Amino acid sequence: MATRAQPWQLRRARSSGPVALATGGAASAEGPGRPGPLQDETLGVTSVPSQWRGVQGIRGDTKSCQTASIVTAEVSTQTRKHADAEVQTEAPEPVRLQPVSRHDSPRLAAFLQRVEALVIRELNKNWQSHAFDGFEVNWTEPQQTVTCLHTLSYPPAQGQGMHVTSVSWNTTGSVVACAYGRLDDGDWSTLKSFVCAWNLDRRGLSPQQPSAVVEVPSAVMCLAFHPTQPSHIAGGLYSGEVLVWDMSRPEDPLLWRTGLTDDTHRDPVSQVVWLLEPRHSHRFRVLSVATDGKVLLWQGAGAGRPQLTEGFALVVQQLPRNTKLKKPHRGETEVGATAVAFSSFDPSLFVLGTEGGFPLKCSLAAEEAALTRMPSSVSLRSPAQFTFSPHGGPVYSVSCSPFHRNLFLSAGTDGHIHLYSMLQAQPLTSLQLTHKYLFAVRWSPVRPLVFAAASGEGDVQLFDLHKSSQKPTVSVKQTQDESPVYCLEFNRQQTQLLAAGDAKGTVKVWQLSTEFTEQGPRETEDLDQLAAEVAT
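Residues numbered from 1 in each chain as written. Predicted model: local features only at pLDDT ≥ 70, side-chain atom pairs only at ≥ 80, totals over all residues. Heavy atoms only, no water.

As recorded in an unreviewed UniProt entry, the protein goes by Cytoplasmic dynein 2 intermediate chain 2 and comes from Rousettus aegyptiacus. The protein has a UniProt comment under Sequence similarities (unreviewed entry) that states "Belongs to the dynein light intermediate chain family." (UniProt positions renumbered as here; feature names shortened; annotations may be inferred.)

See the structure below:
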């Protein structure tokens, strides 16, 4: 390997000449023939070119990549309309203070002393007055007319020519139900009917699509919603059966039915009523009356069949003989019951309407056994206590006053409404409304002097005894062709609503004017006075 000489070594070689260079620059003192130490020798630089770089350069690869093309878009919007608005307030007016008048203090004090006794006397007189007793401020706008809010119907029932035989409001006042049947003719063994219900508070109410429909194998003659269960409803059939449905179960609504046994009515059921059990504050029984003369009390016992707990029978021979009645036909023993109403003051006291035209005062506490041969699993008793003067035909409806313990109304085929007192046989007053039948009468739940009647001429008539005791205050046309109105019911929760059903198969919900829903001052006292004046 070649090495380079340092600069100081080159200078020494030049000074010592050729010999020194040849001997490596050693001194001659060592003598001739003795070799000297090795000396550096400068040679030419040798370089070897590298072949590795060339080989690597030949093997080199060139690579490149390209991204996808970028898509761009331009969007612009332009409003088409614009509006400018300006508001300018009026210049404020300076407030001018009224000058304070100066009173003559001695004269004012003398005046107040003079009138003090008079003012105190008048204030005491007003404080003791009862002129505004019962007055309540009404902040709503007064309704001046009676208007029809809804016209409800079920086309399949109307297609069979069925009548609305009964209507009932549930305990919330938001659902109205109706029964379909026939009051003029029909065969209960082949005629199928329906029970329909509409929720008036539901959004998107369809008048011809009920919220719930129950198909019934026999014509339904009467309905009554449960007092506390909003979806439970009892019904009486043309076949004499009594049923209870749960309208909230569309797949299987039937809760129980009496079936056709010796305990069941033999004639069409005229009316059903829910009654609270005497020893239970939350359990109810169903009372049913029919034209076979039986009054029956049913208690749900589970397994789909109720139990008959008490029974009564109306027998001609056991009617009180306090009034002149037509002699019954030979062989006739039972008195057909067509309607029932319970007193609001005595839960055991009730009034029956009969086919003979005379109302009967009856009691659930009666103990006398009924003289009848009708088969029954319980002992039948005779409930009649008092007989009232008859109508000129069968009584179709009775209604006890919610505001007076002795007053009740009756309506019948003679076109008259009678106002009776429990204390006397003769009616206190009689109103002839039509020459056709009257099918229903109901006392208002909020106005002591107001009641409504359903006419065979297609009218719904509203009476206010405070205005007139002989003619209706308002008469509204339910059917244009004068088809009969068979039933009606006030809404106890939404007191401005009245439902009525007719022979055309429709139910109309009427909104009453405020004059029929707002109780006036001392109205209850006026009812007491009316009863006392007419009775004397």
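**Q** So what exactly am I meant to see when it comes to the pattern of salt bridges here?
**A** A complete count under the given rule lists 11 salt bridges for this structure. Between Glu310 and Arg285 there is a salt bridge; the shortest N-O distance is 2.9 Å. You can see Glu310 sitting in strand β13 (residues 306–313) and its partner Arg285 sitting in strand β11 (residues 284–290), a full 25 residues away along the chain. Take Glu310: its relative accessible area is 21%, and that puts it in the partly exposed class. Residue Arg285 is classed as buried on the basis of its relative accessible area of 10%. A salt bridge links Arg381 to Glu310; the shortest N-O distance between them is 2.3 Å. Remark: Glu310 occurs in strand β13 and Arg381 occurs in strand β17 (residues 380–381); sequence separation between them is 71 residues. (Salt bridge = Lys/Arg side-chain N within 4 Å of Asp/Glu carboxyl O. Helix = DSSP H or I, 4+ residues; strand = E, 2+ residues; numbered from the N terminus. Buried < 20%, exposed > 50% of the residue type's maximum accessible area, 1.4 Å probe, protein only.)

**Q** Please clarify how the pairing of strand β28 (residues 497–502) should be interpreted in this entry.
**A** Along any regular strand the residues' side chains alternate between the sheet's two faces. The buried count for β28 comes to six of six residues, which makes it a mostly enclosed element. On β28, burial covers both faces: Leu497, Ala499 and Gly501 on one face and Leu498, Ala500 and Asp502 on the other are all buried. Note: strand β27 (residues 485–490) against β28, five bridges, orientation antiparallel. Residue Phe490 lies in a different strand from β28, and its bridge partner there is Leu498. Between β27 and β28, which pair antiparallel and follow one another directly, the connecting turn spans six residues. For β28 and strand β29 (residues 506–511), the ladder comprises five bridges, and the chain directions are antiparallel. Bridge pairing in β29 links Leu497 to Gln511. (Pairing = 2+ DSSP bridges.)

**Q** I'm lost on the confidence of the model for the protein in this one. Help?
**A** Atom-level detail of predicted coordinates should not be read off regions where pLDDT is low. Of all residues in the protein, 77% have pLDDT values of 70 or greater, and the mean over the chain is 83. Every residue in residues 1–32 scores below 50 in pLDDT, and together they form 18 contacts with partners more than four places removed in sequence or on other chains. (pLDDT = per-residue confidence, 0-100. Contact = heavy atoms within 4.5 Å.)

**Q** Looking at this structure, I do not really get the nonpolar core. What am I missing?
**A** Among the nonpolar cores identified, the biggest contains 22 residues, and Cys178, Tyr180 and Trp198 are the most heavily contacted of them. At the level of secondary structure, the elements contributing two or more residues to this core comprise β2 (163–169), β3 (175–181), β4 (193–199), β28 and β29. One finds Val273, Leu314, Leu319 and Leu360 within the second-largest nonpolar core, a separate group that totals 21 residues. (Core = buried A, V, L, I, M, F, W, Y, C linked by side-chain atoms within 4.5 Å.)

**Q** How do you make sense of the sheet that holds strand β16 (residues 360–363) when you look at a structure like this?
**A** In any sheet, the strands associate via hydrogen bonds between backbone groups, in a parallel or an antiparallel arrangement. With antiparallel pairing, four strands are arranged side by side in an open sheet as β14-β15-β16-β18. Each of the sheet's edge strands pairs with one partner strand only, and the pair in question is β14 (337–342) and β18 (384–387). Across the sheet, the mean angle from the axis of one strand to that of its neighbour is 30°, orientation sign disregarded. Sheet topology places β14 next to strand β15 (residues 349–354); five bridges connect them, and they run antiparallel. Across the sheet, residue Ala339 finds its bridge partner in β15, namely Gly353. (Axes fitted to C-alpha atoms, helices over the stretch in contact; angles between N-to-C directions.)

**Q** Would you take a moment to explain the pairing of strand β7 (residues 232–237) for this structure?
**A** Taking burial as the measure, the six residues of β7 include six buried ones, the bulk of the element. Side chains His232, Ala234 and Gly236 of β7 all project onto a buried face; the interleaved residues Ile233, Gly235 and Leu237 project onto the opposite face, where all are buried too. Across five bridges, strand β6 (residues 220–225) lies against β7 in antiparallel orientation. Within β7, the position partnered with Leu223 by the bridge is Gly235. Counted along the chain from β6 to the antiparallel partner β7, the turn is six residues long. Both β7 and strand β8 (residues 242–246) contribute to a ladder of five bridges, which runs antiparallel. Its bridge partner lying in β8, Gly236 is registered against Val242. Connecting β7 to the antiparallel partner β8 that follows it, the hairpin turn spans four residues, and Gly240 within it adopts a positive phi of roughly 100°.

**Q** Looking at this structure, I do not really get the sheet that holds strand β21 (residues 416–421). What am I missing?
**A** Read across the open sheet, the four strands follow the order β19-β20-β21-β22; overall the sheet is antiparallel. Two strands close off the open sheet at either side, each with one partner strand: β19 (395–400) and β22 (429–432). Within the sheet, the average angular offset between the axes of one strand and its neighbour, ignoring direction, is 20°. Two strands pair when backbone bridges link them, and β19 and strand β20 (residues 407–412) are joined in this way by five bridges, in the antiparallel orientation.

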